[in-house]
Amino acid sequence: MTLTQPPHTLDIDTVAADLEVNPAHGLNTDEASARAGVYGLNTIEASARTSFARKFLNQFRDLMIVILLLAAGLAGVMGEIHDTIVILVIVILNAIVGSVQEFRAERAIDALRRMTTPAISVRRNGHLHRIDTEHLVPGDIVYLEAGNIVPGDLRLFELVDFEVDEAPLTGESLAIRKTIEPIPDADIIPGDRYNMAFKGTNVTRGHAMGITVATGFQTELGRIATLLTESEQHLTPLQVRLGRFSRRLALAISTVAAIVFVSGLMRGEELILMLLTSVSLAVAAIPEALPAVISISLAIGANKMSRHDAVMRRLSAVETLGSVTYICSDKTGTLTLNEMRLAVIDADGKEVESLSESGDGDEPWRLLGLGMALCSNVVRGEGQQVTGDPTEIALYLGALEAGFDKTELESRYPRLAELPFHADRRIMSTLNRLDDAVVVFSKGAPESMLPRCRAQLTSDGEREIDTDALLQKSHSLAQQGYRMLALAIKRYHELPTNLSSEAVETELVLLGLVGLIDPPRDEVYQSIVECNNAGITPVMITGDHPGTALAIASKLGISTDNGVLTGEDLDQIPFEDFLDRVQDIHVYARVSPEQKIKIVSALQRCGEYVAMTGDGVNDAPALKQANIGVSMGLKGTDVARESSDMVLKDDNFATIVRAVREGRRIFDNIRKFIKYTMTSNAGEIWVIFLAPFVGLPLPLLPIQILWINLVTDGLPGLALSAEPHEKGIMRRPPRQPEESIFAHGMWQHVIWVGLLIGGISLGAQAWAYHGGSENWQTMVFTVLTLCQLAHAMVIRFERESLFSQGIFSNLPLLGTVLLTIGLQMLVVYVPLLNQIFHTTPLTAHELGLCFLLPLIVLFAVETEKWLARTGKIYRTPIEHGSKATD
């Protein structure tokens, strides 16, 4: 099953014969499965997956770990075998934890990729089916339409007005119009193979069918090793900043370790002891795993978002959601339900919301119900599924609610003829046999229908029609967001021979006006309130009528103080002048996708951070231009989804706001993790560094330092990522994108709380050492561990008190703290562990003191938070944010 020549040179029958497929039927399921086994998945991977063993070995590439291993080996040579063994065990445990963390992050990112894998329509077993593009095989018959990304290399054989953007492959900026005729030149470049569609290119117009001739690495895209989608392996901006900070910190800590080493030797300490101590201190204090842990937090957070219908395609988008200041949203389907519904009827001098409210079955209400049901091409399928034009579906359902069942009525009043809707006259008519007469039911735009009406039907019979008043009424309702239609009838004794519009759709009798509306989503109003309270400006951008845009915006609470700006008016405003107005305009109508770029660019020039929604092919540039591009999962095109940072599985504006809330929570928790880790490390540094300056012996042994690093850094820090969002998280302004991670008092907190933990630990050492207790080293070891755990509990909330929030709202953290305390008690009281960690059992009095001293940290940080809440220190935009309920 191979092609005898390049597919672009062959006619379609030869290609089909070579690939053993009937284009009219497609492959059958068994054959597709067999070919998948031969050709593999239709993917292009950048590199082979790193094995777990390789991940484990990579943990030992860190310079500090290498130095520690060398020091452990030196200790063994000098006779300290048990120190060597314990250090090796702890290093291996750390390597296992790091490997598992990388594995979890990789799996989480893979899950995100799978969520955004495009699907495509293929013909198998004689019918079209939707499959993931990775399951495409050679010989598959593929259906393409505007908005699709071509899933493999295809030889086209049917097409209608079909054009493809091949810029991802050839760099050609203009879309290429395709043909189906063979091209004799076998060596012609891909850009000139007009009968081919290549993997990774974008369909911009029309539709086509093609036979898959290559997948995966066998495609033109595979041959030049170009990835279809952006790799998620890149570090996020936050990780880059923290990595840079960690390198600077490593230099500072190395300097401190050198000072500790030299000062210990000057006091007469053993060389090997001071070497192990200084290296262990450096290993424990440098947060070398910080970028990896943040990657896990972002990936797990992104997966949590996906369960709430927001799929993050890029991890960097998770951390940047908290900076969004503007959300520019489409109206239809995002702010509204994308379901037209009957909302108002004006007939017989009354205005009601439904036919059932008319109060009687007399004319014109009965004929109005018949017209709404019969003058449509809606089809009700199996399972009561209704298909057809959205406007006609709204009329159909409005009639059905009042008892006018189209299926039943058509059996009684069969359709004899139809005048289809045409954009020129904006009217549709059906002719139905009604008792002994033939009745024309017509519906259309009021401005087209009313001039064709000679009278209006009322409960008292026909009366003169006031066309101007009815047009004014229709215009007034349209300004409120309704889509207006007029319905009318005309009677014949027999089916007329002349079925032209000029003959049939004149001298009509008006039945009434009906108003349809795509209603706002119920949950969006509250989401708009949340946006306003959170310092985020919601903006509606629609291609709809200006009156409709204003009406829906007003109902949703989007500011309409400055009216609506149309796309036509926007084109007349020079960009520099638009910069002065863009922040005051919140409603745009009749806007093209190209004009969205102008709006986004202007807002960004004004310093705003913009999230933009889009669903069409032409929306892709605006989605890329926006700081956060948001595409639609239900009605969006593949091109829009591939250009976006986030995909809404439910196309709902409220989901964007929930994602912003979740993004703020994730970023807050990353800050808490960094605060906890850096403060803990600072405490350890101060204990080791200051001890000789206050006349105390070396407070901790290398094994004890590494133990603290193992049990207090990783698990409690990761458990902080499960912290629920804080009160008022959506009552504060967005975070500035360039704002330091250490802003709002964090760096001050790290310094003074680190000093406090170090001082408390040294105080416990001094009390026990000068009091003649042999347990002084175990005390400082235990106090330092418990102080860090107390700190982990109290920093769960940036401003709120732990006592008001309770300790049970983050059970993973509580469980981790209790587990760590239990492990520490084993180290203190189990004889075997006493020998390994050089600890001694504490007396009840000493143990009680070890548990009381960390309370100083807890109450000191609670005092800091009280001062911050009252605005006495660390004043931030939070204190100035507007108030609202969460």
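Everything that follows concerns the structure shown earlier in this document.
As the structure is a computational prediction, the values presented were derived from the model and not from experiment. Within any chain, residue numbers begin from 1 and follow the written order of that chain's sequence. Per-residue local features are limited, in this predicted model, to residues with pLDDT of at least 70; the limit for side-chain atom pairs, both in listing and counting, is 80 or more; totals at the level of whole chains, interfaces and linings are taken over all residues. As a rule here, side-chain values come from all non-hydrogen atoms in the structure, and water together with hydrogens is ignored.

A. A look at the pattern of salt bridges. For salt bridges, the criterion is a side-chain nitrogen of Lys or Arg within 4 Å of an Asp or Glu carboxyl oxygen. Summed over all chains, the structure comprises 34 salt bridges. The closest approach of N and O atoms between Glu-166 and Lys-178, which form a salt bridge, is 2.5 Å. In this pair, Glu-166 sits in the loop between strand E4 (153-165) and helix H6 (167-170) while Lys-178 sits in the loop between strand E5 (176-177) and strand E6 (196-197), placing the two residues twelve residues apart along the sequence. Relative accessibility under 20% of the residue-type maximum defines a buried residue, over 50% an exposed one, and the middle range a partly exposed one, all with a 1.4 Å probe and only protein chains included. The class of Lys-178 is buried, set by a relative accessible area of 3%. A salt bridge links Glu-530 to Arg-661, with the nearest nitrogen and oxygen atoms 2.3 Å apart. Linking Glu-530 in helix H18 (residues 524-533) with Arg-661 in helix H25 (residues 653-690), this pair joins segments that are 131 residues apart in sequence. Arg-661 shares its class with Glu-530; the two are buried. Sharing partners across several salt bridges, the network here consists of Asp-161, Glu-163, Arg-177 and Arg-205. Helix and strand definitions follow DSSP, with helices as H or I runs of at least four residues and strands as E runs of at least two, each counted in order from the N terminus.

B. Structural context of the sheet that holds strand E24 (residues 610-614). Should DSSP find at least two bridges between two strands, the strands are taken to pair. Judged by pairing direction, the sheet is mixed, and its eight strands sit side by side in the order E8-E26-E25-E24-E9-E21-E23-E22 without closing on themselves. Across the chains shown, the open sheet's two edge strands, defined by having one partner strand only, are strand E8 (310-312) and strand E22 (565-566). Note: strand E9 (residues 326-329) against strand E21 (residues 537-541), four bridges, orientation parallel. Its bridge partner being in E21, Ser-329 is matched across the sheet by Met-540.

C. Geometry of the packing of aromatic side chains. Any pair of Phe, Tyr and Trp rings, taking the six-membered ring for Trp, is counted once the centres come within 6.5 Å. Such a pair is stacked with planes under 30 degrees apart, edge-to-face with planes over 60 apart, and tilted for the rest. The full count for this structure, using the stated rule, is five aromatic pairs. For the pair Phe-56 and Phe-60, a centre-to-centre distance of 5.3 Å together with 70° between the ring planes defines the contact as edge-to-face. For a Lys NZ or an Arg CZ to count as sitting over a ring, it must be within 6 Å of the ring centre and within 35 degrees of the ring normal. Taking NZ or CZ as reference, Lys-555 lies 5.6 Å from the ring centre of Tyr-482, over its face. The ring of Phe-667 carries Arg-735 above its face, with NZ or CZ at 3.6 Å from the centroid.

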